[in-house]
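Coordinate analysis (summary)
Each chain is listed here by its residues.
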Amino acid sequence: MIELWHCADARSFRALWTLEEMDLPYRMHLMPFPPRIRQPEYLEQNPLGTIPLLVDGQTRMSESAAIIEYLAVRHGPTAIAVTADDAHYGAWLNWLHFGEATLTFPQTLVLRYRRLEAPERRLPQAADDYAQWYRSRLRAVDRALADGREWLVADRFTGADISVGYALLLARTLKLDDDLQPAIAAYWERLSERPAYLRARQVQSEAVSVLPEPYTSR
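Owing to the predicted nature of the structure, the values given are computational and were not obtained by experimental measurement. (Residues numbered from 1 in each chain as written. Predicted model: local features only at pLDDT ≥ 70, side-chain atom pairs only at ≥ 80, totals over all residues. Heavy atoms only, no water.)

A word on the overall build of the chain. Counting its regular elements, the chain contains 8 helices and 5 strands. When the elements of the chain are put in sequence order from the N terminus, they spell out β-α-β-α-β-β-α-α-α-α-α-α-β. For 218 residues, the compact-globule formula gives about 17 Å, and the C-alpha radius of gyration of the chain, at 17 Å, lands near that figure. Principal axes of the C-alpha set define a box for the chain whose edges measure 50 × 45 × 25 Å. A separation of at least 24 residues holds for 69% of the contacts in the chain among residues at least 6 apart in sequence. Summed over all atoms, the accessible surface of the chain reaches about 10,700 Å², with 50% contributed by carbon and sulfur. One way to put it: in the chain the 25 positive side-chain charges average out to a point 4 Å from where the 29 negative ones average out. (Helix = DSSP H or I, 4+ residues; strand = E, 2+ residues; numbered from the N terminus. Rg over C-alpha atoms; globule rule 2.2 N^0.38 Å. Contact = heavy atoms within 4.5 Å. Areas by Shrake-Rupley, 256 points an atom, 1.4 Å probe, with all protein chains shown as cover. Lys, Arg positive; Asp, Glu negative; His and termini not counted. Charge placed at Lys NZ, Arg CZ, Asp CG, Glu CD.)

Once that is clear, we can look at the side chain of E20. Inspection of the secondary structure puts E20 in helix α1 (residues 13-22). Ignoring sequence-local partners within four residues, the contact set of E20 consists of Y26, A196, R199, A200 and V203.

Taking burial as the measure, the 6 residues of strand β2 (residues 26-31) include 5 buried ones, the bulk of the element. Two elements, strand β1 (residues 2-7) and β2, share 6 bridges in a ladder whose sense is parallel. Bridge pairing in β2 places H6 opposite L30. Chirality of the crossover, the property in question, places the unit of β1, α1 and β2 among those that are right-handed. (Buried < 20%, exposed > 50% of the residue type's maximum accessible area, 1.4 Å probe, protein only. Pairing = 2+ DSSP bridges. Right-handed = clockwise from strand over helix to strand, strands pointing away.)

For the rest of this paragraph, the subject is the pattern of salt bridges. In total, this model carries 12 salt bridges according to the counting rule given. One salt bridge in this structure joins E20 and R199, with 3.0 Å as the shortest N-O distance. Placement of the pair is E20 in helix α1 and R199 in helix α8 (residues 195-208), with a sequence separation of 179 residues. Note that R135 and D178 form a salt bridge whose closest N and O atoms lie 3.6 Å from each other. Highlighted residues: R135 in helix α5 (residues 124-145) and D178 in the loop between α6 (159-173) and α7 (182-192), separated in sequence by 43 residues. (Salt bridge = Lys/Arg side-chain N within 4 Å of Asp/Glu carboxyl O.)

It is the contact of α1 with α8, at a shortest axis distance of 8 Å, that shows an interaxial angle of 120°. Relative to α8, the element α1 is oriented oblique. Here α1 and α8 pass one another in a crossing that is right-handed. Across the interface between the two elements, F13, L16, W17, E20 and E21 of α1 pack against A196, Y197, R199, A200, R201, V203 and Q204 of α8. Per-class residue counts for the contact of α1 with α8 are 7 nonpolar, 1 polar and 4 charged. (Axes fitted to C-alpha atoms, helices over the stretch in contact; angles between N-to-C directions. Parallel < 35°, antiparallel > 145°, perpendicular 65-115°, else oblique. Left-handed = near helix turned anticlockwise from the far one by under 90°. Nonpolar A, V, L, I, M, F, W, Y, C, P; charged D, E, K, R; others polar.)

Let's shift gears to unusual backbone geometry. Omega for the peptide link from F33 to P34 comes to -5°, which places this bond in the cis form. Tracing the chain through its elements places P34 in the loop between β2 and α2 (35-38). Cis rather than trans, the peptide bond between G76 and P77 has omega equal to 5°. Relative to the assigned elements, P77 resides in the loop between α3 (64-74) and α4 (89-116). In this structure, D23 takes a positive phi of about 55° despite not being glycine. Even without glycine at this site, D155 takes up a positive phi of about 60°. Along the polypeptide, D155 turns up in the loop between α5 and α6.

This part covers the packing of aromatic side chains. The description of an aromatic ring pair rests on the distance of the ring centres and on the angle between the ring planes. This structure, assessed with the given rule, holds 12 aromatic pairs. Ring geometry for W17 and Y197: centres 5.1 Å apart, planes at 65°, overall edge-to-face. One end of the pair, W17, is in helix α1; the other, Y197, is in helix α8, and 180 residues separate them in sequence. Like W17, the residue Y197 is buried in the burial classification. The rings of F13, W17, W151, F157, Y187, W188 and Y197 are connected pair by pair, giving a single aromatic cluster. A cation sits over an aromatic face here: R190 above W151, 5.6 Å from the ring centre. Lying over the aromatic face of F13, R201 brings its terminal NZ or CZ to 5.5 Å of the ring centre. (Phe/Tyr/Trp six-rings, centres within 6.5 Å; stacked < 30°, edge-to-face > 60°. Lys NZ or Arg CZ within 6 Å of the ring centre and 35° of its normal.)

So, in structure tokens, the structure goes:
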């Protein structure tokens, strides 16, 4: 069975959401954040101390966007994947990694320098600069949706929407969502109404209430 090490609303939510979209059986280990400090035994599983960690047999993965791709391809076929023979394949890969490398990266620095560092080490100017960086890169999403398109690529919901959608979820946590363009606001509404997204939120909520017990989907 697939195992996922997860912290509430962290990057690992991408993997959890993907597992629910694909209706795959899995076991989730919910940990307090940051786990390398608050649950140091996790370092035995992932010496980096980062999340997510997904284990599938001999496969061990710690990059959230790569996990989306792995699950979609390895455990497909599934509509959330775009195959290499599809004209949209390059765009799918680009959006899949755009969600993490371009959108989530600056958000993590906002999180660090506004919330996680001790008060005397916080850097408001750096946090503000990276918040602006995130907002400026989000314009690419607005342009992609400006023609009335519902999803980012291939005229359907795919793993690319999970990757970018998680960045929008994190933006809500960081209060970076107060000036969303109408197309992005409508896109987020579609994402957050998906049954698999709602199931992932429910699974997470139930697991939080019984930390540190693992959750097994079926």
